[in-house]
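One-letter residues, chain by chain:
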Amino acid sequence: MVQATAMIETYAYARAGLLGNPSDGYYGKTISLILKNFRARVLLYPSARLEIKSGKADTPIWQHLEELRETTRWRGYYGGLRVIQALLMRFSDYCAERGLELHDRNFTIEYESTIPLRLGMGGSSAIIIATLRALQQFFEIEIPLQEQATLALETETRELGVAAGLQDRVI
């Protein structure tokens, strides 16, 4: 059982893809490497309500309209909140489909990422995988690595409608 005061901290790192994409003639095979200089970090701990706390990219506060414009042009309209929320949907569906019972204790998720944005380094996938690792610990279940990669991919493709490939999830 998870203790009421237990805090879970997990990480997933950025990646650099060297070769391969599912649509490029390599038949889904990839060669990638982890870049441990950049990471997504997730904290998960028991709480009275289920809560996903905003990360830096989710904060809707700017000094002025021009800062909002510059930030949005660089970051886009996306942050980690929607990625984590989408993973929670896929995770709960996955568990229900396999008859895995989840206890009914609530939790809070906090995240941060040092992975540079919009450079193809798997930032959203790292947030998903770090969160998935924390959820597995909290609910005391184990999901095989290949199925973790599939859950990460489906979080973006099925839940969010994002065109995504296997590079991020495999590494």
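**A few points about the sheet that holds strand 1 (residues 8-19)**
- Pairing is mixed across the open sheet formed by four strands, whose spatial order is 1-2-4-3. Whereas interior strands pair on both sides, the edge strands pair on one side only; in this sheet they are strand 1 and strand 3 (51-52).
- Two strands pair when backbone bridges link them, and strand 3 and strand 4 (residues 107-113) are joined in this way by two bridges, in the parallel orientation. Across the sheet, the residue bridging to Glu51 is Thr108, located in strand 4.
- Lying over the sheet, helix 3 (residues 123-139) contacts strand 1, strand 2 (31-46) and strand 4, oriented at roughly 145° with respect to strand 1.

**Let's talk about the packing of helix 2 (residues 80-97) against helix 4 (residues 145-159)**
- Two elements in contact, helix 2 and helix 4, have axes whose closest approach is 9 Å; the angle formed by their N-to-C orientations is 120°. By the angle class used here, helix 2 and helix 4 are oblique. Crossing geometry of helix 2 relative to helix 4 is assigned as right-handed. Residue-level inspection shows Val83, Ala86, Leu87, Met89, Arg90, Phe91, Asp93 and Tyr94 of helix 2 in contact with helix 4, the latter providing Glu147, Leu151, Glu154, Thr155, Arg158 and Glu159.
- When its residues are assigned to classes, the contact of helix 2 with helix 4 shows seven nonpolar, one polar and six charged.

**Describing the pairing of strand 2**
- The sheet contact formed by strand 1 and strand 2 spans eleven bridges and is antiparallel. Opposite Ile8, over in strand 2, you have Leu44 as the bridge partner.
- Where strand 2 lies against strand 4, seven bridges are found, and the strand directions are antiparallel. Its bridge partner being in strand 4, Leu43 is matched across the sheet by Glu110.

**Focus on the environment of Leu33**
- Structurally, the position occupied by Leu33 is in strand 2.
- You can call Leu33 partly exposed: its relative accessible area is 34%.
- Residues Leu33 and Tyr13 lie 20 residues apart in sequence; the distance between their C-alpha atoms is 9.7 Å.

**Let's talk about the environment of His103**
- By the element assignment, His103 lies in the loop between helix 2 and strand 4.
- As for His103 and Glu140, which are separated by 37 residues in sequence, their C-alpha atoms are 9.5 Å apart.
- Filtering out sequence-adjacent residues up to four positions away, His103 remains in contact with Phe138 and Phe139.
- Among the polar contacts listed, one links the side chain of His103 to the side chain of Arg105, at a separation of 3.2 Å.
- Here Phe138 takes part through its backbone oxygen, which lies 3.0 Å from a polar atom of the side chain of His103.

Conventions we followed
- Residues numbered from 1 in each chain as written.
- Predicted model: local features only at pLDDT ≥ 70, side-chain atom pairs only at ≥ 80, totals over all residues.
- Heavy atoms only, no water.
- Pairing = 2+ DSSP bridges.
- Helix = DSSP H or I, 4+ residues; strand = E, 2+ residues; numbered from the N terminus.
- Contact = heavy atoms within 4.5 Å.
- Axes fitted to C-alpha atoms, helices over the stretch in contact; angles between N-to-C directions.
- Parallel < 35°, antiparallel > 145°, perpendicular 65-115°, else oblique.
- Left-handed = near helix turned anticlockwise from the far one by under 90°.
- Nonpolar A, V, L, I, M, F, W, Y, C, P; charged D, E, K, R; others polar.
- Buried < 20%, exposed > 50% of the residue type's maximum accessible area, 1.4 Å probe, protein only.
- Polar contact = N/O pair within 3.5 Å; in protein donor to acceptor, adjacent residues only side chain to side chain.

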